[in-house]
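Letter by letter, the chains look like this.
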Amino acid sequence: MKEHNNIAKVIAEKKWNELSRAQREEIAKMLEHMDDVRDVNQEYVDHRTIGQQAADGVAKVAGSWSFIIFFLSALLLWAFLNTEILGPRHEAFDPYPYVFLNLVLSMLAAVQAPIIMMSQNRQSARDRLDAEIDHEVNVRAEVAIQNVDARISELTEKLEEATKLMAAKI
């Protein structure tokens, strides 16, 4: 990184033609990489492992209203079935206080929480990639602005020279 800063400093102090061949080649290599347009969404999808895809899928399903409504309905059905239908006949497979249901919910939470955390870690990595791409875009824009500024300065100098020549002829 320090080497790149030194090259940038040299560019700021010299014109392109005054740079050595090695310096121009190094700059060309850096700019070649910068020309690549990166899509954060595509990079995110392309580099996921099967486990990461599964974690994202579980988090997507478990974090939806559909899942919450379905799960709440299943819990109410479980309680109704064990209390109102099978309870009076003494055939309830999980009578109140629903110890088996409590065990199932605890196991589900024990598995689901780390999977959702894995998906959140993936989202964090995606955010870092997005920030990296934003930084590249900012660097490209800065280089382009510097080039435009240099060109405007060059044109201003030529315009001033032309104005002086015309004033001298008058």
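Keep in mind it's a predicted model, so treat the numbers as computed, not measured.

Chemist: Would you mind going over unusual backbone geometry in detail, with residue names and values included?
Modeler: Note: most peptide bonds trans; most residues except glycine with negative phi. Omega for the peptide link from Tyr96 to Pro97 comes to 20°, which places this bond in the cis form. Mapped onto the elements, Pro97 comes out in the loop between helix H5 (65–85) and helix H6 (99–169). Phi angles above zero are rare outside glycine, and His90 is one such case at about 60°. Tracing the chain through its elements places His90 in the loop between H5 and H6. Of note, the phi angle at Tyr98 is positive, near 55°, even though the residue is not glycine. By secondary structure assignment, the location of Tyr98 is in the loop between H5 and H6.

Chemist: Outline the pattern of salt bridges, listing residues and values.
Modeler: Evaluated as defined, the whole model comprises five salt bridges. One salt bridge connects Glu154 with Lys158, and the closest N-O pair in it is separated by 3.6 Å. Note that Glu154 and Lys158 are positioned in helix H6 at a spacing of four residues, about one turn of the helix. The network of salt bridges with common partners includes Arg151, Glu154 and Lys158.

Chemist: I'd like a rundown of helix H4 (residues 50–62), residues and numbers included.
Modeler: The terminal C-alpha atoms of H4, which comprises 13 residues, lie 18 Å apart, in line with the 18 Å expected from a rise of 1.5 Å per residue. Within H4 the residues assigned to the buried category are Ala55, Asp56, Ala59 and Ala62. All buried residues of H4 project into a common sector of 140° when viewed along the axis, lining one side. Exposed side chains of H4 directed beyond 90 degrees from the buried face belong to Ile50 and Lys60.

Chemist: So what's going on with the packing of H4 against H6? Residues and values would help.
Modeler: Viewed as axis vectors pointing N to C, H4 and H6 meet at an angle of 110°, and their least axial separation amounts to 8 Å. Taken as axis vectors, H4 and H6 run roughly perpendicular relative to one another. When H4 is examined against H6, the residues Gln52, Ala55, Asp56, Val58, Ala59 and Ala62 are found in contact with a partner set consisting of Gln112, Ile115, Ile116, Met118, Ser119 and Arg122. Taken together, the residues of the contact of H4 with H6 sort by class into seven nonpolar, three polar and two charged.

Conventions adopted
Residues numbered from 1 in each chain as written. Predicted model: local features only at pLDDT ≥ 70, side-chain atom pairs only at ≥ 80, totals over all residues. Heavy atoms only, no water. Helix = DSSP H or I, 4+ residues; strand = E, 2+ residues; numbered from the N terminus. Salt bridge = Lys/Arg side-chain N within 4 Å of Asp/Glu carboxyl O. Expected span 1.5 Å × (residues − 1). Buried < 20%, exposed > 50% of the residue type's maximum accessible area, 1.4 Å probe, protein only. Arc of directions from axis to C-beta. Axes fitted to C-alpha atoms, helices over the stretch in contact; angles between N-to-C directions. Parallel < 35°, antiparallel > 145°, perpendicular 65-115°, else oblique. Contact = heavy atoms within 4.5 Å. Nonpolar A, V, L, I, M, F, W, Y, C, P; charged D, E, K, R; others polar.

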